[in-house]
Amino acid sequence: MNNWMPLNDWVMHMNWMELLVVFIFAIVVILAMIMLHLRSRNDKKAQDWRRMEAAWSIHLPAVLAREEPPEELWNQVRADEKLFFVDYLYRIACTIPERSVANPEYRQLMALAAPYLKPIARRVQNPKTDSELRARSVATLGKLAPLQYLKLIEDALNDPSDRVAFAAMRALVDQDDPHASDLITRVFSRFHDFNPEFVAALLARSNPKLATPRLVEQLVNPHATLWARVVAICTLEHWPAAPEFVPQLTKLGKDQQQPSTLRALALRVLSAWKAHAEARELIYEFASGDEEILRAHAMYAIGRLRLKNENELLELGLYDTARWVAIEAATAWEQIESPETRDSRPRWYLQSLDPALETAK
């Protein structure tokens, strides 16, 4: 009798399914082992960090107060802990509110970091280093050795990576160096993919006396991009009044060939600078204009300058067909009637920036 039977397809499929289940189970086990290994390594690293910081924190306050020599702290740093020590000092530097050479605590912190910064500088100079690491290194040098490595930081403004160049600009804005200020106001336009408010807030930390002329030059330059001109004028609003530049802002606001965003921002800066006569001219022109952004800024300026005799214009603004104009008029009315001087800073108009306007002249 022949006991041979054909292979059953169902049995073959079951064998493949069993192999697939075993394979998936093996993958899950391997991934679980990798996760446990990474968790263990991270826990060990965190434990090492706590150990190192605990040892360094014992001596740091006394060294910064010059009650102990720096050697007391340096002796606690092992050869394989030097980069960790630099990162520790960097985080301490970030907590110091006034980082200037006139601050003895900050000077002592820079002196503590000085022997360990050469490897950090080599990272910045090495184009093969990861851009994120180079940016972090530039930021570290900017905090712990801004004068010693000023040239290196300035060169980083031209780094192919925007992240590295932006870190260099952030490091330089706190320096009262005229050359550094001039460089910043020349190169900030490369960051056109960044939020203009963010860049303007950063530039505002630089020295107004050094940077204002260059930013006004950028603002009135018809060949500059709209983004760069917006950043320049938003930065000016952060700074104290510069009466010598009021005529140029007024001319910009009156020029109907200029983008409406710039004209509106010109009135905004004139209002911030309390240039009443020049601002009034633009308010009357803008309030009767066809463009929403101009009418809205006319309402805003009335509130910013607290012009109590412009009730008729505010009433027109309250019944304006454009929602934002009405909101600005209501806000202005509230500012005028309030005993407190409040500076509301709506920035909705920057959302209207159209990439097509980047080349607008």
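Reading the values: the criteria
Residues numbered from 1 in each chain as written. Predicted model: local features only at pLDDT ≥ 70, side-chain atom pairs only at ≥ 80, totals over all residues. Heavy atoms only, no water. Patch = residues over 30% accessible without salt bridge, like charges linked within 9 Å, V, L, I, M, F, W, Y side chains within 5 Å. Areas by Shrake-Rupley, 256 points an atom, 1.4 Å probe, with all protein chains shown as cover. Salt bridge = Lys/Arg side-chain N within 4 Å of Asp/Glu carboxyl O. Helix = DSSP H or I, 4+ residues; strand = E, 2+ residues; numbered from the N terminus. Buried < 20%, exposed > 50% of the residue type's maximum accessible area, 1.4 Å probe, protein only. pLDDT = per-residue confidence, 0-100. Contact = heavy atoms within 4.5 Å.

A. Region of interest: a nonpolar patch on the surface. Taken together, the side chains of L20, F23, I24, I27, V28, I30, L31, I34 and L38 present a nonpolar region at the surface, about 810 Å² in accessible area. Summarising the element assignment, F23 is placed in helix α1 (residues 9-64). Overall, the relative accessible area of 53% leaves F23 in the exposed class.

B. Spotlight on the environment of K151. Along the chain, K151 falls in helix α7 (residues 150-155). With 29 residues separating them in the primary sequence, K151 and A180 have C-alpha atoms 9.2 Å apart.

C. Molecular detail of the confidence of the model for the protein chain. The predicted model of the protein chain has a mean per-residue pLDDT of 87, with 90% of residues at 70 or higher. When mean pLDDT is compared element by element in the protein chain, helix α13 (residues 246-254) scores highest at 97, while α1 scores lowest at 82. Note on residues 351-361: pLDDT is under 50 here. Beyond four places in sequence and across chains, it has 18 contacts.

D. Region of the structure containing the pattern of salt bridges. Summed over all chains, the structure comprises 20 salt bridges. R91 is the partner of E53 in a salt bridge, and the nearest nitrogen-oxygen pair spans 2.5 Å. Taken together, the residues span a long stretch of sequence, with E53 in helix α1 and R91 in helix α3 (residues 82-94) at a distance of 38 residues. D87 serves as the salt-bridge partner of R136, at 2.4 Å between the closest nitrogen and oxygen. Note that R136 is positioned in helix α6 (residues 131-144) and D87 in helix α3, a separation of 49 residues in sequence. The class of D87 is buried, set by a relative accessible area of 19%.

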